[in-house]
Amino acid sequence: MTGTLIRKEFREFLRDRRFLVLFALMLVLLSAASLDGWNRARSDAAARAHAAASDREIWVEQGENNPHGAAHFARYAFRPTPSLAAFDPGVFDFAGAAVWLEAHTQNPAALRRAEDAAIATPFPTLSAAWVIQVIGTLALTVLLFQAVAGERERGTLRALAATGLSAGRFVAGKTGAVLLVVGGLCILIFLSVLLPGAMSGDLDAGAMRIATLAGTYLCALTGFALIVVAISARSRSQSAAFVLAIGFWVSVSVILPVIGGQLAASLHPDIDEQELKNAIQLEAQSPFWSGDAREPAVAAYEAEVLEEFGAARFEDLGFDREALILQAHEEFANEVYDRLYGTLYARHEAQDRVLRYLAIASPVLALQRLSSGLAETDLTAQLRFTRQAEAHRRRIIEQLNRDMMMNAGESGYAYTADRTLWEQIPDFQAEPVSTLKILERYRIEILALLAWLLAGFTLAIHLSGRAMKQERL
Amino acid sequence: MLRFHLAREFNALWRPAPRLAALALYAALIAWSVADGVSWHRHAESVLADVPADLLTDRSEWMADLESAEAGEEISPYAARPMSLTFLAALPPGPLAALAGRNEAMQPHTALISGWRSEVSLFQRYEVEGPVALGAGRLDLAFVVVAVLPLLVLLLSFDVLSRDREAGRFRLFLIQGGRAGQTLIARLIAVALPAFAIPAIAILVAALLLDAPVAATRVWIAGLAIYTAFWSAVAALVAVSFRQVSTGALAAVTVWALLVVVVPSTVRFSAEALYPLPSRVSYLTEARLAEGATRRNLAERAEIFMAEHPDEADAPDEAVPGFYRASYLANVDINTRTRGLVDAFEGQQAQQRGLVGALQFLSPAIMLNQVLQASAGTGPARSADFRRQARAHLDVVLDAIGPATVGRNRLTVEEARRIPEFAFTEPAIPLSGLIAMIWMLVLAAGGTLLALRRAQRLN
């Protein structure tokens, strides 16, 4: 009986011209967005790989140079393009692509693709994820708002109730059809993610990650669809169901994400770029170079060196004192940077947290966040990159300073190193993160999605059952 | 008669709690967006006013040092050097930027111009703003008007006739001498008037607070009025075309989704896909390659430069640090090497804008968005103009200080006086905005007339 109901519902979808039009529209938008996403991600990945290779070449080929001069010329750390950015760009375009690893200064990431935008539109440009999250949920709303209300208005619900059909079977029939529609959407997601990946070796996303992503969409879209069915069952008429369902879609898909961003920025205002630069100058540079912080910092680092080399006096080592001072400044400034950038990144994370808790109120926002998390195009992935880049900067600057300290002798800044040293400086390698780690970070969003799914099932069954009972009376 | 209908409809329409709640939410969104916009505008002004003094050259002090040096007096070897001349290029917030600054945080508003800068480093901005909030964008009035106003108008008026027709009241109303056209107009005005008046008041308040020019305010009010009229016409067409409430509702939302969401996003997507921009990462790579090459061959490069400027070849001042010359030449070479990329970048951006300009007539949301941004003094086009003007000014400065810097000399007082300060020239508001507004007005009038004609048939 349930199977018959599912088939009947699905046949009705297929007969409905709106369904076919929406399906065709989704297919066109999804294909276009998917191909463009893949193309953009591939060219972006190629540009970054080329930049990283060029950076090494420029570095190694710089000729003879003083190590500290080289540390000022410095290197760049480029963030690799995550393969799933082709599917869901998340905040990737709003995050810097590279970090300059120069001496004395920790720099935030730079080169954000969103700075290049030549056009402003009310909504973002198409991506496969956005099409499913926003247009896909709109399509589900339009298709399902009359699921129960339509039966009731046409009088067929009474006929169904009269056959003795239980509420559970009725809902299972409706839900089964919904799941078939959602399943179709998820197959599209699979294809939009897998096909481009299969066509390009540069953008290979792990099978586990893709399966998790598709499961997330399946869960979120099913929950959303069931809520619309519940709204339909609760409404006395199709028009009331439509207004309520569209109101729900607008609130959770359009208004809440924008309000969330605004609320996040209002509650945790951004730090001004100039303000940060001033703080760096006043707290990390001036106190050391023209203030009284230099002496204790140099003494502390000198003690470390003496202990390391087992010497009583620095002069006994025959090392260069200027280089010791340079590294002492790094050690001093690093603590300041930990504090200043700690505050900056805490602010970014606080903004992110506002959206995390708002995601409880919106299955679409929860889906957006989890999707970009799995695609590694979220804030967490960006912060991971900037932290890894900074750790790398500290490592290579110390390596350069120590080379000068141990080898410059009396020459000081006139000492030069060559290719041998430049080749010893390691390239930046971003460390990958596991899918489980990502899921751990997004447990609130996962719980929110599961709660919406559960609420959708419960409400759909309960309200549909009530509607059938009312019809029997 | 119309006045009677209007009064009655106002009472009837705004009595239900959900409708009042929707209107209250709309008003709250507008109030929030304007308050936040005004605060952002004031902050942007204060940031420009408070550029730290140590970042800029005190021109009068610098000139006094230069005059002393020219008079043969002893001054510091670092004083009045051409490389220490720094100019501020500032893009002041537009007159109504508070109302349409959704993506302004991404755009540069200042640049320090000096011999230490290349075009690459001129606008290098760091990721200091949180990417999450940036990605969501600010909730500005332009967004509320462009996206939320039509939805409010449609949701509150798509069933102005069909709800009576479906309930069987419409026939009775006609028998009693009622006219479908008058009812339609009265009900649409009852919805459109508050939907227009609330943002209009907000615009006037913001204009007063920010002392905005009357012309920009007028454009906003006119654009808002025409846009409201357009969506009221769409609502009227939906109301007279569909007998069933559900079908009308479906049509209304489909039209909104297509014109406000799908078409603008697809147009932007098409422009970006057809005219892709060169990558910023490639730009940086080219710059690094140029800098590396210059630094490796510095002596040879300086010789070539001096051969091109023979007047400065004599009497170099050995007290001038060598890195002045190295940095200057590296920056000149970076600019030369990346010029092709910059031209390609600007060319592609212009193509993207051109395509959107041509396709804007497909969607009133794009048309209004463009007009509001142009008159508010925001948007990527104005920002691109700023970048172009600042780059041109950098070229002027580099040309002026080049021979003296590489020749390890100072400028003459006369040469220094010839270097202008930066002043941003506002771009003209494009004519296409006016055409777009006229086109939208024509569509609104045509839609309303068509709806009225169909309404007459219902009588």
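What you see is a predicted model, and the numbers here were worked out from it, not measured in a lab.

This part takes up the overall build of chain A. Of the regular secondary structure elements, chain A holds 18 helices and 2 strands. Against the compact-globule benchmark of 23 Å for 473 residues, chain A has a radius of gyration of 29 Å, which places it well outside the compact range. Out of the 473 residues in chain A, the part that is buried amounts to 49%.

Another point: the overall build of chain B. Within chain B, the regular secondary structure consists of 18 helices and 2 strands. At 30 Å, chain B has a C-alpha radius of gyration far larger than the 23 Å of a compact globule built from 459 residues. With the C-alpha coordinates aligned to their principal axes, the bounding extent of chain B is approximately 105 × 40 × 35 Å. Relative to its 459 residues, chain B shows a buried fraction of 50%.

What follows deals with the packing of helix 9 (residues 180-210) of chain B against helix 10 (residues 214-241) of chain B. Residue and element names in this part refer to chain B. At a minimum axis distance of 10 Å, the contact between helix 9 and helix 10 shows a crossing angle of 160°. Put simply, helix 9 runs roughly antiparallel to helix 10. Regarding helix 9 and helix 10, the two cross each other, and that crossing is right-handed. Touching L184, L188, A192, A195, F196, P199, A200, I203, L204 and A207 of helix 9 are T217, W220, I221, L224, A225, T228, S232, A235, A236, A239 and V240, all from helix 10. By residue class, the composition of the contact of helix 9 with helix 10 is 18 nonpolar, 3 polar and no charged.

At the interface, 72 residues of chain A touch 65 residues of chain B. Mapped onto the side of chain A that touches chain B, the elements with two or more residues apiece are helix 2 (17-60), helix 4 (128-144), helix 9 (238-267), helix 10 (273-289), helix 13 (321-358) and helix 15 (379-407) of chain A. With 15 residues, helix 9 of chain A is the largest single contributor of residues to the side of chain A that touches chain B. Each residue belonging to the side of chain A that touches chain B can be placed in one class, and the counts come to 38 nonpolar, 20 polar and 14 charged.

Turning our eyes to something else, we now look at the pairing of strand 1 (residues 87-90) of chain B. Residues and elements named next belong to chain B. Taking every second residue as pointing to the same face, the buried face of strand 1 carries F87 and A89, while none of L88 and A90 on the other face is buried. Looking at chain direction, strand 1 and strand 2 (residues 110-113) are connected through 4 bridges and run antiparallel. Bridge pairing in strand 2 links F87 to I113.

To continue, consider unusual backbone geometry. Here the phi dihedral of H104(A) falls at roughly 75°; this positive angle occurs in a residue that is not glycine. For H104(A), the position within the fold is in the loop between strand 2 (98-101) and helix 4. Unusually for a residue other than glycine, A80(B) sits at a positive phi of about 55°. Here A80(B) shows up in the loop between helix 3 (59-70) and strand 1. Using a count of 24 C-beta atoms within 10 Å as the deciding quantity, one classes A80(B) as buried.

Counting 277 residues, the largest nonpolar core has V229(A), L96(B), L184(B) and A235(B) as its most contacted members. Shared between two domains, this core holds at least three residues of each, these being domain 1 (2-36 + 141-273 + 435-458) and domain 2 (51-96 + 103-138 + 275-427) of chain B.

We now examine the domain arrangement of chain B. Size of an interface: often given as the accessible area lost when the parts come together. Residues and elements named next belong to chain B. As assigned here, chain B comprises domain 1 (2-36 + 141-273 + 435-458) and domain 2 (51-96 + 103-138 + 275-427). Placing the centre of domain 1 and that of domain 2 at their C-alpha centroids yields a distance of 47 Å. On the domain 2 side, the residues contacting the 26 residues of domain 1 number 25 residues. Secondary structure elements with two or more residues in the side of domain 1 that touches domain 2: helix 6 (141-157), helix 9, helix 10, helix 11 (245-274) and helix 18 (431-458).

With that out of the way, let us pick up the confidence of the model for chain A. Interpretation of the predicted coordinates at a detailed level should be avoided for regions scoring low in pLDDT. In this model, chain A carries an average pLDDT of 87, and 96% of its residues clear a pLDDT of 70 or more. The secondary structure element of chain A with the lowest average pLDDT is helix 7 (residues 167-199) of chain A, at 71, and the one with the highest is helix 15 of chain A, at 96.

Turning our attention to the packing of helix 13 (residues 298-308) of chain B against helix 14 (residues 322-359) of chain B. Residues and elements named next belong to chain B. Two elements in contact, helix 13 and helix 14, have axes separated by 11 Å at closest approach and are oriented at 75°. Classified by the interaxial angle, the pair formed by helix 13 and helix 14 is roughly perpendicular. Listed contacts from helix 14 to L298, R301, A302 and F305 of helix 13 are R325, A326 and L329. Counted by class, the contact of helix 13 with helix 14 contains 5 nonpolar, no polar and 2 charged residues.

Procedures and definitions
Residues numbered from 1 in each chain as written. Chains lettered and ligands numbered in written order. Predicted model: local features only at pLDDT ≥ 70, side-chain atom pairs only at ≥ 80, totals over all residues. Helix = DSSP H or I, 4+ residues; strand = E, 2+ residues; numbered from the N terminus. Rg over C-alpha atoms; globule rule 2.2 N^0.38 Å. Buried ≥ 20, exposed ≤ 12 C-beta atoms within 10 Å, placed from the backbone. Axes fitted to C-alpha atoms, helices over the stretch in contact; angles between N-to-C directions. Parallel < 35°, antiparallel > 145°, perpendicular 65-115°, else oblique. Left-handed = near helix turned anticlockwise from the far one by under 90°. Contact = placed C-beta atoms within 7 Å. Nonpolar A, V, L, I, M, F, W, Y, C, P; charged D, E, K, R; others polar. Pairing = 2+ DSSP bridges. Core = buried A, V, L, I, M, F, W, Y, C linked by C-beta atoms within 7 Å. Domains from an automatic or database assignment. pLDDT = per-residue confidence, 0-100.

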